[in-house]
Amino acid sequence: MQKKIQIKIPVSGLGNEQLVKSLLANEAGCSENNITGFSLLKRSLDARSKFPQIHITASVFINEPFQPRVLFQQNQRDVSRANKSVIIIGAGPAGLFAALSLIRSGLRPVILERGKDIRARRRDLATLNKEGIINPESNYCFGEGGAGTYSDGKLYTRSNKRGNIHRILDLFVGFGAEENILFEAHPHIGTNKLPGIISAMRDYIIECGGEIHFNKKMTGWSEYREKITEIQTADGDRLLADAVILATGHSARDIFRLFDQNKKEIQAKPFALGIRVEHPQELINSIQYHYEREQGPSVPGLPAAAYQLVHTENNRSIFSFCMCPGGIIAPAATNEGEIVVNGWSPSKRNNPFANSGIVVNIEEKDWQAWSKYGPLAAMYFQSSIEQKAYALGGGSFKAPAQRMTDFVNGKVSTSLPSCSYMPGIGSADVPSVFPKAISRSLQHAFPAFGIKMKGFFTQEAVIVATESRTSSPVRIPRNDKTLAHPQIINLFPCGEGAGYAGGIMSAAMDGERVAEKIAEIFSTKPIIHVNA
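Everything in this summary refers to the structure shown in the same document. The numbers attached to residues start from 1 for each chain and follow its sequence in the written order. Whole-chain, interface and lining totals are the exception, using all residues; otherwise, since this is a predicted model, local features are given only for residues with pLDDT of at least 70 and side-chain atom pairs are given and counted only at 80 or more. As a convention, hydrogens and water are excluded, and side-chain values are obtained from all of the structure's heavy atoms.

**Focus: unusual backbone geometry**
Step number 1: Looking along the chain, the bond that leaves Ala-465 and enters Thr-466 is cis, with omega of -5 degrees.
Step number 2: The numbering of helices and of strands both runs from the N terminus, where a helix is a DSSP run of H or I of at least 4 residues and a strand a run of E of at least 2. Turning to its location among the elements, Thr-466 is positioned in strand β20 (residues 462-467).
Step number 3: Positioned with a positive phi, Lys-263 is a non-glycine residue whose angle comes to about 55 degrees.
Step number 4: In this fold, Lys-263 is placed in the loop between α6 (253-261) and β11 (267-268).

Printed below as a string of structure tokens:
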């Protein structure tokens, strides 16, 4: 008999399989000897009381042979001589998982990535952090693995409708992620471990006969009868394919401009904008785990605490975004002259600070001053905020900052607390970066958050501007049935950059969905390549 059972264990019992088995047997009303094995289905931390507990849901095998969890297997398949090939623009999660799906369907993926491979990209990030020098094609947003590779590796999604969540998680494990991502309530790989997983995916794609080309930036295309016939790149190459998946990410502004210049349909879309706030992690721990900082936690072994906050002000939603326990604030700009910040955590989440984006919903009324740019109005508004922040910071990606209490009170800070942002921070009037309606919403939200989390509103916290790349400010439309662009029937907008995803998991699922649709189309109505 198999039975789904829920139990609670003390935090100190984490990893104690004998304790878990004993509690499962007690809940099942049987002897431990009758349990032949169990698989964890879900594990979460309940920290609502002074004595946090771990909630576990397990599939328990009673008086029958135990069957270990079977993961989805991405088997080796030679597609080097496939009849059809698909160019994928971008090697982020949407592009990589699209490639894996194409291989399963017997199609050959050819990935063009404007940035560098994992190892070379890491050197460019070090230069940006230490010297304030940016490579516009290789940074926290561009390069192998996409923006998620060096910005935390959270695997959260709230939607089961977008695709097969379990298959995506299984594939991550198959390429090297720890198995706990299959059952943790909030799975997280960690920026230190993601590069190895992405490299394993790349090796597999190449071994199967697919291709990945780095430093290969798309600059244009040729069309014939509403079909792309070739892709042109910055180095002068012209590549042919039967279909194209566009998975360029939320920061590829040149791609949005390219669509606009070619009079291809795109749309401005709402996004979120704000700042990143950083507290001492120990302060957040004491708030969330209900203890006095001076006395320390009553329960040892607690992980770095997270939080999730939301406040409504004048019909605007202000909320926490991409919260990073034990994390670091990173410079996520893609060009000189702009400040963009993001956050990430290593797998152990053991850095001394906790950071989170605190952002405000941005609507059409906010970008009216940029309406002359048509469908790019929201993008140009976003860019203007980033440029203001850069000027206020004084250059070299030094970010404008303010103590939280001073930010709320409209006072430039005379001193700033320590901060994990490596290019450095400088005291400034951060609210001046934003339109008044947005800065006021943020200023009113922090005291409200302090009521929900006593101690959150404090001068120990530092505000760093700007958190502006929460999602794409442009949507590239696609047909609901074919998933192709309405004006180019073999071009498939995909992932975060096209406005159809909001993180690693949803982007990966959208990549699979588009690839599966292409395989379906090829099997029924093959696209015949015609030279321009």
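**Re the state of the cysteines**
Linking two cysteines covalently through their sulfur atoms gives a disulfide.
Step number 1: Disulfide assignment relies on a single distance test, namely cysteine sulfur atoms paired within 2.5 Å. Counting across every chain of the model gives zero disulfides.
Step number 2: You can see Cys-322 has no disulfide; the closest cysteine sulfur is in Cys-324, sitting 4.0 Å from it.
Step number 3: Of the cysteine sulfurs around Cys-419, a residue in no disulfide, the closest is that of Cys-324, at 13 Å.

**What to know about the packing of helix α2 (residues 93-104) against helix α4 (residues 165-174)**
Step number 1: Axes here refer to lines fitted to C-alpha atoms; in helices the fit is confined to the stretch in contact. Angles between the N-to-C directions go from 0 to 180 degrees. The interhelical angle for the contact between α2 and α4, taken along N-to-C directions, is 95 degrees, at an axis separation of 12 Å. One way to sum up the angle between α2 and α4 is to call them roughly perpendicular. Mapping the contact onto sequence places Phe-97, Leu-100 and Arg-104 in α2 and Arg-167, Ile-168, Leu-171 and Phe-172 in α4.
Step number 2: The residue inventory of the contact of α2 with α4, partitioned by class, reads five nonpolar, no polar and two charged. Throughout, the term roughly parallel applies to angles under 35 degrees, roughly antiparallel to angles over 145, roughly perpendicular to angles from 65 to 115, and oblique to all others. Working rule for contacts: check all heavy atoms of both residues, and any pair within 4.5 Å makes them a contact. Classes in brief: Ala, Val, Leu, Ile, Met, Phe, Trp, Tyr, Cys and Pro nonpolar; Asp, Glu, Lys and Arg charged; the others, Gly included, polar.

**Concerning helix α10 (residues 436-452)**
Step number 1: Look at α10: 25 Å from first C-alpha to last across 17 residues, which is about the 24 Å you get at 1.5 Å a residue.
Step number 2: Only protein chains enter the accessibility calculation, which uses a 1.4 Å probe; a residue whose area is less than 20% of its type maximum is buried, one above 50% is exposed, and one in between is partly exposed. Residues of α10 that are buried: Ile-438, Ser-439, Ser-441, Leu-442, Gln-443, Ala-445, Phe-446, Ala-448, Phe-449 and Gly-450. In this analysis, the expected span of each helix is defined as 1.5 Å times one less than the number of residues it contains.

**Regarding the pattern of salt bridges**
Step number 1: Salt bridges are counted wherever a side-chain nitrogen of Lys or Arg sits within 4 Å of a carboxyl oxygen of Asp or Glu. A full pass over the atoms with the stated rule returns 28 salt bridges.
Step number 2: For Glu-516, the salt bridge goes to Arg-167, with nearest N and O atoms at 3.0 Å. Placement of the pair is Glu-516 in helix α11 (residues 504-524) and Arg-167 in helix α4, with a sequence separation of 349 residues.
Step number 3: Residue Arg-202 pairs with Asp-203 through a salt bridge whose shortest N-O separation is 3.8 Å.
Step number 4: A residue is classified by how much of its surface remains accessible, and Asp-203, at 36% relative accessible area, is partly exposed.

**Things to note about empty space enclosed by the protein**
Step number 1: Buriedness of a pocket was judged along seven lines, with at least five required to meet protein on both sides within 12 Å; pockets are open sets of points on a 1 Å grid over the protein atoms alone, cavities are sets where a 1.4 Å probe fits but cannot get out, and lining residues have an atom within 4 Å of a point. Grid points are joined across faces, edges and corners, and a volume is the space filled by probe spheres set on the points. Counted by the stated rule, this structure contains one cavity of 30 Å³ or more.
Step number 2: Together, Gly-92, Pro-93, Leu-96, Phe-97, Gly-145, Gly-148, Thr-149, Phe-172, Leu-194, Ile-198 and Ile-504 line the largest cavity.
Step number 3: Going through the elements one at a time, α2 and α5 (194-207) are the ones with two or more residues in the lining of the largest cavity.
Step number 4: Residue composition of the lining of the largest cavity, grouped by class: seven nonpolar, four polar and no charged.

**A word on the side chain of Ser-138**
Step number 1: Of note, Ser-138 is situated in the loop between α3 (118-131) and α4.
Step number 2: Of the polar contacts made by the side chain of Ser-138, one reaches the side chain of Asp-124; its length is 2.6 Å.
Step number 3: Ignoring anything within four residues of it in the chain, the contact list for Ser-138 reads Lys-116, Arg-121 and Asp-124. What qualifies as a polar contact is a pair of N or O atoms within 3.5 Å, subject to a donor-acceptor requirement within protein and to the restriction that residues adjacent in sequence count only when both atoms come from side chains.

**Thoughts on the side chain of Asn-285**
Step number 1: Within the secondary structure layout, Asn-285 lies in helix α7 (residues 281-288).
Step number 2: Its relative accessible area of 11% is what places Asn-285 among the buried residues.
Step number 3: Within the structure, Asn-285 has its side chain in polar contact with the backbone nitrogen of Ala-305 (distance 2.8 Å).
Step number 4: Discounting residues that sit within four places of it in the chain, Asn-285 has contacts with His-290, Tyr-291, Pro-303, Ala-304 and Ala-305.

**Quick word on the environment of Phe-61**
Step number 1: Topologically, Phe-61 is positioned in strand β3 (residues 53-62).
Step number 2: Through-space distance from the C-alpha of Phe-61 to that of Lys-3 is 6.6 Å; in sequence the pair is 58 residues apart.
Step number 3: When near neighbours in sequence (up to four residues on either side) are disregarded, Phe-61 contacts Met-1, Gln-2, Asn-34, Ile-35, Thr-36, Gly-37, Phe-66 and Gln-67.

**Looking at the packing of aromatic side chains**
Step number 1: Side-chain rings of Phe, Tyr and Trp, where Trp is taken by its six-membered ring, are said to pair if the distance between their centres is within 6.5 Å; with planes under 30 degrees apart they count as stacked, over 60 as edge-to-face, and otherwise as tilted. In the structure shown here, the tally under the stated rule is 12 aromatic pairs.
Step number 2: Centroid distance Phe-97 to Phe-172: 5.2 Å. Interplanar angle 55 degrees. Geometry classified as tilted. Linking Phe-97 in helix α2 with Phe-172 in helix α4, this pair joins segments that are 75 residues apart in sequence. There is no split in this pair, since Phe-97 and Phe-172 are both buried.
Step number 3: Seen from their ring centres, Phe-175 and Tyr-204 are 5.7 Å apart, and the 70 degrees between their planes marks the pair as edge-to-face. Of the two residues, Phe-175 is situated in the loop between α4 and α5 and Tyr-204 in helix α5; the sequence distance between them amounts to 29 residues. You'll find Phe-175 and Tyr-204 in the same group, each marked buried.
Step number 4: Sitting over the ring of Phe-142, Arg-114 keeps its end group 4.2 Å from the ring centre. By the criterion adopted, a ring carries a charge over it if an Arg CZ or a Lys NZ lies within 6 Å of its centre and within 35 degrees of its normal.

**Side note on the sheet that holds β3**
Step number 1: When DSSP locates at least two bridges between a pair of strands, those strands are taken to pair. Spatially, the three strands line up as an open sheet ordered β1-β3-β2, and their pairing is antiparallel. For this open sheet the edge positions go to β1 (2-10) and β2 (35-46), each flanked by a neighbour on one side alone. Between one strand axis and the next, the sheet turns by 25 degrees as a mean value, whatever way the strands run.
Step number 2: In this fold helix α1 (residues 17-28) packs onto β1, β2 and β3, with an angle of close to 125 degrees to the strand it touches most, β1.

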